[in-house]
Amino acid sequence: MAKITKLDDIVSLCKRRGFIFQSSEIYGGLASCYDYGPLGVELKNNVKRAWWKNVVQMRDDVVGLDCSILMHPMVWKASGHADKFADLIAECKKCNVRTRVDHLAEKDAEHAEEHTEHVAIDSVQAAAHDLSRKLCPSCGTVGRFTEPMPFKLMFETQMGANVDDSMTMQLRPETAQGIFANFRNVLDTTRVKIPFGIAQIGKSFRNEVTTKAFIFRTREFEQAELEFFCEPGTDEQWFEHWKEARFNWYLDLGISKENLRFREHDPDELAHYAKGCVDVEYLFPFGSGDWQELEGIANRTDYDLRQHQRGMRTLNRWFENGRDVNRVTLADEAEDYQSGPLSYFNDEQKRRYIPYVIEPSAGIDRSALAFLVDAYDEEEVRGETRNLLRFNPAIAPIKAAVFPLVKKDGMPEIARNIYDDLKKYFNCFYDEKGAVGRRYRRQDEAGTPFCITVDGQTLEDKTVTVRQRDSMEQVRVSTDQLKGHLREKLDM
Ligand code: ATP
């Protein structure tokens, strides 16, 4: 039988054990913002490391990048975010709470969450939305909403100290545009040849209308994105490749197969430039169980690079003669397509083209939440409840904890030596306080795969007890073989 995990259990464990705290808690907290505590930061770093290892390190055809969060305003103009990155919202006439139209549930329906792309700011699209049976999630009133209106999602800030020359800038709502903006730089400075990808992990910001479910949807979050550039005509094959690769990444890191699925986007859900899009969804324990997006994988065609070529030409023209910035003609675009700065020249084929892009875009915080939910377990052991996180070793915050059984007979010194040696290779924890059973339980809750105990027998034969988290099985390993034993089991 599938285990039932409640989000409340996860939230409470995260707080109790220092995985995740509410931001600014000492001042009453800041809604939808969270801080990762000592165990949480290890977990999150491990998720990022696992992604980077799989997507960059283990491949010959992907390189990394780390771009700044603030970018030239033309980036957002060209990408379409400045004009289109908005959610359609409606305000409840009774309680004045605003909700995303695609998140409104029908009266009597179990779930909301239709799936729509972000809308163009200048198109209200009210006609397409019949809200007469929709339920306000805040006060429960049915069908009393204002006309839907677009709500801008990008955060703004000011750059520059002087009033006259300060400029309004946007915090990036995705990391991908930094990759497109550096496409030429990467081509010119490395040996990459198409097909190849550029990967980036970093913070993104969206002024989400509704935030929800702990770290699932927040206004500041981290994304791991890959833009994989390929020859037009090979894009569908690469799309399939990345679908499979990304799905397997979650499975290999321990997510149960029954909690993971693909959801293909309907054609009317697709962004106008996208040729295909699929979400990797996880069965999160919100309400009565909810399939929700973990990652989107899209075939973005040559849209982004073309848009940036257009943006570059627009800006150059503006500098040259200050003319109407929108006057880039079809002829200009045709020329750019053949020889533009973001086109690619294939040496062997002696042919120039704008590459197509396959984009797997994952949320690090959402993935961390899915790993927490999937690893969480409770079991009865000798009349007591044991809470544990069955993390895959690669993402476990602590790989091994080292204990002396008691604080005497030289056991702490031996345990310390073992700890000092092991911590050079992976994250370890030393603990000598309290009953050893308690110490095991604390590590179970932190998801530590192995506990090593120095006891009376260690003094006689130089062996220690190695206890495995999931089975609680204990084996004796000689101290000089301990490092090899653990590295093999941890696969690191
Ligand atoms: P949603 O429909 O849930 O708002 P989206 O389709 O707009 O998400 P994308 O733009 O495809 O999301 O972003 C890629 C990934 O980034 C998502 O799959 C998700 O894991 C993560 N992500 C997006 N928005 C947020 C957020 N507000 N909080 C946490 N993670 C997010």
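Structure: see above.
We now turn to the structure provided with this report. (Residues numbered from 1 in each chain as written. Predicted model: local features only at pLDDT ≥ 70, side-chain atom pairs only at ≥ 80, totals over all residues. Heavy atoms only, no water.)

**Digging into the overall build of the chain**
(1) Moving on: A tally of regular secondary structure across the chain gives 14 helices and 25 strands.
(2) Moving on: Residues classed as buried in the chain amount to 50% of the 492 residues present.
(3) Moving on: Within the chain, counting contacts between residues at least 6 apart in sequence, those at least 24 apart form 66% of the total.
(4) Moving on: Roughly 24000 Å² of accessible area belongs to the chain as shown, and the carbon and sulfur atoms make up 49% of that amount. (Helix = DSSP H or I, 4+ residues; strand = E, 2+ residues; numbered from the N terminus. Buried < 20%, exposed > 50% of the residue type's maximum accessible area, 1.4 Å probe, protein only. Contact = heavy atoms within 4.5 Å. Areas by Shrake-Rupley, 256 points an atom, 1.4 Å probe, with all protein chains shown as cover.)

**Digging into helix H7 (residues 235–252)**
(1) Moving on: With 18 residues, H7 extends 25 Å from end C-alpha to end C-alpha; this agrees with the ideal 26 Å at 1.5 Å per step.
(2) Moving on: Along H7, the positions that sit buried rather than exposed are Asp235, Trp238, Phe239, Trp242, Lys243, Arg246, Phe247, Trp249 and Tyr250. Seen from one end, H7 has its buried residues packed into an arc of 160°, which puts them on one side. Turned more than 90 degrees away from the buried face of H7 sit Gln237, Glu244 and Asp252, all of them exposed.
(3) Moving on: One or two steps after H7, the chain reaches Gly254, where phi turns positive at roughly 105°. (Expected span 1.5 Å × (residues − 1). Arc of directions from axis to C-beta.)

**Considerations on the packing of aromatic side chains**
Each aromatic ring pair is summarised here by two numbers: the centre-to-centre distance and the angle between the ring planes.
(1) Moving on: Summed over the entire model, instances satisfying the criterion amount to 20 aromatic pairs.
(2) Moving on: Taking the centre distance of 5.2 Å and the plane angle of 80° together, the rings of Tyr34 and Phe214 count as edge-to-face. With Tyr34 in strand S2 (residues 34–36) and Phe214 in the loop between strand S11 (196–205) and strand S12 (220–230), this pair connects stretches of sequence that are 180 residues apart.
(3) Moving on: Overall, Tyr34 belongs to the partly exposed group, its relative accessible area being 24%.
(4) Moving on: Here Tyr419 and Tyr430 contribute two aromatic rings whose centre-to-centre distance is 5.9 Å and whose plane-to-plane angle is 45°, an arrangement assigned as tilted. With Tyr419 in helix H11 (residues 411–422) and Tyr430 in strand S22 (residues 428–430), this residue pair connects regions lying eleven residues apart in the sequence. (Phe/Tyr/Trp six-rings, centres within 6.5 Å; stacked < 30°, edge-to-face > 60°.)

**Observations concerning the site of the ligand**
(1) Moving on: Around the ligand lies a shell of 17 residues, among which Glu208, Arg217, Thr218, Glu293 and Leu294 are the nearest.
(2) Moving on: Contact between the ligand and Glu208: a nitrogen atom at 2.7 Å from a side-chain N or O atom of the residue.
(3) Moving on: One of the backbone N or O atoms of Thr218 is found 2.7 Å from a nitrogen atom in the ligand.
(4) Moving on: Within the residue set of the shell around the ligand, elements represented by two or more residues are S12, strand S15 (290–301) and strand S18 (356–363).
(5) Moving on: The element contributing the most residues to the shell around the ligand is S15, with four residues.
(6) Moving on: Residue classes in the shell around the ligand are distributed as four nonpolar, six polar and seven charged. (Near = heavy atom within 4 Å. Polar contact = N/O pair within 3.5 Å; in protein donor to acceptor, adjacent residues only side chain to side chain. Nonpolar A, V, L, I, M, F, W, Y, C, P; charged D, E, K, R; others polar.)

**A few points about the side chain of Gln170**
(1) Moving on: Within the element layout of this structure, Gln170 appears in strand S10 (residues 167–170).
(2) Moving on: Taking relative accessible area as the criterion, Gln170 reaches 13% and is therefore assigned buried.
(3) Moving on: Sequence-distant contacts of Gln170, defined by excluding residues within four places in its chain, comprise Ile69, Leu70, Trp76, Met154, Phe155 and Glu156.

Function cannot be inferred from these measures alone, as they are strictly geometric.
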